[in-house]
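What follows is the residue order along each chain.
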Amino acid sequence: MRSEAQVLAETVAIADGPLAASATRIDRGHYPLEIMGSLGAAGALGAHLDRQGQRFGLAIAAMEAAGRACGATAFLVWCHDVCGLYLEQSGNPALAGTLLDGHAAGQTFGGTALSNPMKTFAGIESMLLRARPVPGGYAVSGQLPWVSHIGPGQYCGAVAAVERPDGTVSHEIMFLLRFDGRAELRPCPEFSGMEGTSTWGIRLKDYVVDHDDLIADPARPFIARIRAAFIQLQIGMGLGVVRGSLDSMQEVEETLGHVNQFLEDRPGPIEAEYAELRGRVMRLAETPFETASDYLIDVLDARAQAAELSLRASQSALLHQGARGYQIAAAPQRRIREAHFVAIVTPALKHLRWEMARLSRETLPEARP
């Protein structure tokens, strides 16, 4: 097992070198599997796994290092990390053995299709994939509008509601969805950025899931157990965008500091907020599978703070740089779009606040006559 210093040093070298050089191309549509493979070889895609010491803090730091250069790649790292989490925590030998070894090493690639299920479990949406029992497993049908870090020969974790013969739902299953020709991949509309994340719509028609590809049956207890880990890993994206925005501010401090001093959200205060948030996140990462409500609220709050700080820091970086930061290939304007993504990707900022309100709501005793 590589040391933390080795993993971070190699990750930073990749981020500062080939990743930084490719960031604009990735933003416009290049899917950087070659860079993801390098990150896997460096140990950046498996540090959070039990087999590599369950070093969640290191996994978040590696994602942050990638996000400092390219927010889209940091998102891919998160997709890949949580897919590895599903495989390992499934306890299914067919998923947690050779497949997981290749996944953690960046030799195979897979993402996550849990946006709709997470919103469904929060009462925001309805489940879009439906399953029915068949001999040896389940047959799944339905459509999802966008799933990232997938492509032919790849895979992702997905959830479907299991229907009884009368159409009511008995429970949910979580499974590994393989893009081996049985699932249809549909192009998505063009987004304003993050185009290099290989995001597709998917359509399933009686896609058969056998027991070797089951991650959890039922799914809800499994998702409750990994939810905090799922959310806190994502914070690495926001930290990376903030750190990169600070870099852009400092780039022009010597030449424009005399006028930039009149802007709000100057580098010093942003740096202090970033350091406080990062410290909180690293403490939370010490117990990633804690399920207590107070702990989950803290994780949700840290994730929300990462989104809010990303928005403020990226806007301030563009204002600090002025016209040079507004050029199409300039990092500050790209980071504004990356920050918006941090704030809208599931769980979105509004979703986070919804969940914190729900968990914080006091249960009042029923009134007695």
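Residues numbered from 1 in each chain as written. Predicted model: local features only at pLDDT ≥ 70, side-chain atom pairs only at ≥ 80, totals over all residues. Heavy atoms only, no water.

Quick look at the overall build of the protein chain now. Each helix and strand in the protein chain was counted, giving 13 helices and eight strands. Dimensions of the protein chain, computed from the C-alpha atoms along their principal axes, are close to 70 × 65 × 40 Å. The burial tally for the protein chain puts 56% of its 369 residues in the buried class. If you take every contact in the protein chain between residues at least 6 apart in sequence, the share linking residues at least 24 apart comes to 76%. When the accessible surface of the protein chain is summed, it comes to about 15700 Å², and 54% of that surface belongs to carbon and sulfur atoms. (Helix = DSSP H or I, 4+ residues; strand = E, 2+ residues; numbered from the N terminus. Buried < 20%, exposed > 50% of the residue type's maximum accessible area, 1.4 Å probe, protein only. Contact = heavy atoms within 4.5 Å. Areas by Shrake-Rupley, 256 points an atom, 1.4 Å probe, with all protein chains shown as cover.)

Taken as a whole and judged by the stated rule, the model has six aromatic pairs. Look at F75 and W78: their rings are 6.0 Å apart centre to centre, the planes differ by 20°, and that puts the pair in the stacked class. Separated by three residues within a single helix, F75 and W78 lie in helix α4 (residues 71–89), roughly one turn from each other. An aromatic cluster is defined as three or more aromatic residues linked by ring pairs; in this entry it consists of F75, W78, F230 and F341. Note that R182 overlies the ring of Y207, its terminal NZ or CZ placed 4.1 Å from the centroid. Across the ring face of Y274, the terminal group of R243 is positioned such that the distance to the ring centre comes to 5.1 Å. (Phe/Tyr/Trp six-rings, centres within 6.5 Å; stacked < 30°, edge-to-face > 60°. Lys NZ or Arg CZ within 6 Å of the ring centre and 35° of its normal.)

Here the focus is the packing of helix α8 (residues 220–251) against helix α10 (residues 267–284). In contact at an axis separation of 11 Å, α8 and α10 are set at 160° when each is read in the N-to-C sense. Comparing the axis directions of α8 and α10 gives the class roughly antiparallel. Seen from above, α8 lies across α10 with left-handed handedness. Contacts from Q232, I235, L239, V242, R243, L246, M249 and Q250 of α8 reach α10 at P267, I270, E271, Y274, L277, R278, V281 and L284. (Axes fitted to C-alpha atoms, helices over the stretch in contact; angles between N-to-C directions. Parallel < 35°, antiparallel > 145°, perpendicular 65-115°, else oblique. Left-handed = near helix turned anticlockwise from the far one by under 90°.)

Moving on: unusual backbone geometry. In this model, D217 is joined to P218 through a cis peptide bond whose omega is 10°. One can find P218 in the loop between β8 (214–216) and α8. For the bond from T346 to P347, the omega torsion is 0°, close enough to zero to count as cis. Mapped onto the fold, P347 is located in the loop between α12 (331–344) and α13 (349–360).

Quick look at helix α3 (residues 56–69) now. Compared with the 20 Å implied by 1.5 Å per residue over 14 residues, the 21 Å span of α3 between its first and last C-alpha is a close match. Of all 14 residues in α3, 13 are buried; the element is thus mostly enclosed. (Expected span 1.5 Å × (residues − 1).)

Ranked by internal contacts, the top residues of the largest apolar core, which has 93 residues, are Y86 and M174. Counting residues per element, this core draws most heavily on α8, which supplies 15 residues. Ignoring anything within four residues of it in the chain, the contact list for M174 reads Y86, L114, A158, V159, L214, I215, A216, A219, F222 and I223. Judged by nonpolar contacts, the second largest core, of 22 residues, contains A131, V140, F175 and L177. (Core = buried A, V, L, I, M, F, W, Y, C linked by side-chain atoms within 4.5 Å.)

Here we come to α10. In this model α10 runs 25 Å from its N-terminal to its C-terminal C-alpha over 18 residues, within 8% of the 26 Å that 1.5 Å per residue would give. Within α10, the full set of buried residues consists of P267, I270, Y274, L277, R280, V281 and L284. One side of α10 carries all its buried residues, which in axial view fall inside an arc of 155°. The secondary structure elements touched by the buried residues of α10 are α3, α8, α9 (253–260) and α11 (293–321). (Arc of directions from axis to C-beta.)

Time to look at the pairing of strand β7 (residues 200–210). Sheet analysis places strand β3 (residues 137–147) next to β7, joined by eight bridges and oriented antiparallel. Each residue of the ladder has a partner; that of Y138, found in β7, is V209. Here four bridges tie strand β6 (residues 184–187) to β7, and the two strands are oriented antiparallel to one another. Along β7, the bridge assignment pairs P187 with W200. (Pairing = 2+ DSSP bridges.)

This part covers the layout of surface pockets. What the largest pocket holds in volume is close to 710 Å³. Of all elements in the fold, only α4, α7 (115–121), β3, α12 and α13 reach the threshold of two or more residues within the lining of the largest pocket. Ranked by residues supplied to the lining of the largest pocket, first place goes to α12 with five residues. Within the lining of the largest pocket, the residues separate by chemical class into 17 nonpolar, ten polar and four charged. If you add up the space inside the second largest pocket, you get close to 240 Å³. Taken together, 15 residues make up the lining of the second largest pocket; nearest its centre are V12, D16, E64, A65 and R68. A class-by-class count of the residues in the lining of the second largest pocket yields eight nonpolar, no polar and seven charged. (1 Å grid on protein atoms, 1.4 Å probe; cavity = no way out; pocket = protein on both sides within 12 Å on 5 of 7 lines; lining within 4 Å. Points joined across faces, edges and corners; volume = space filled by probe spheres on them. Nonpolar A, V, L, I, M, F, W, Y, C, P; charged D, E, K, R; others polar.)

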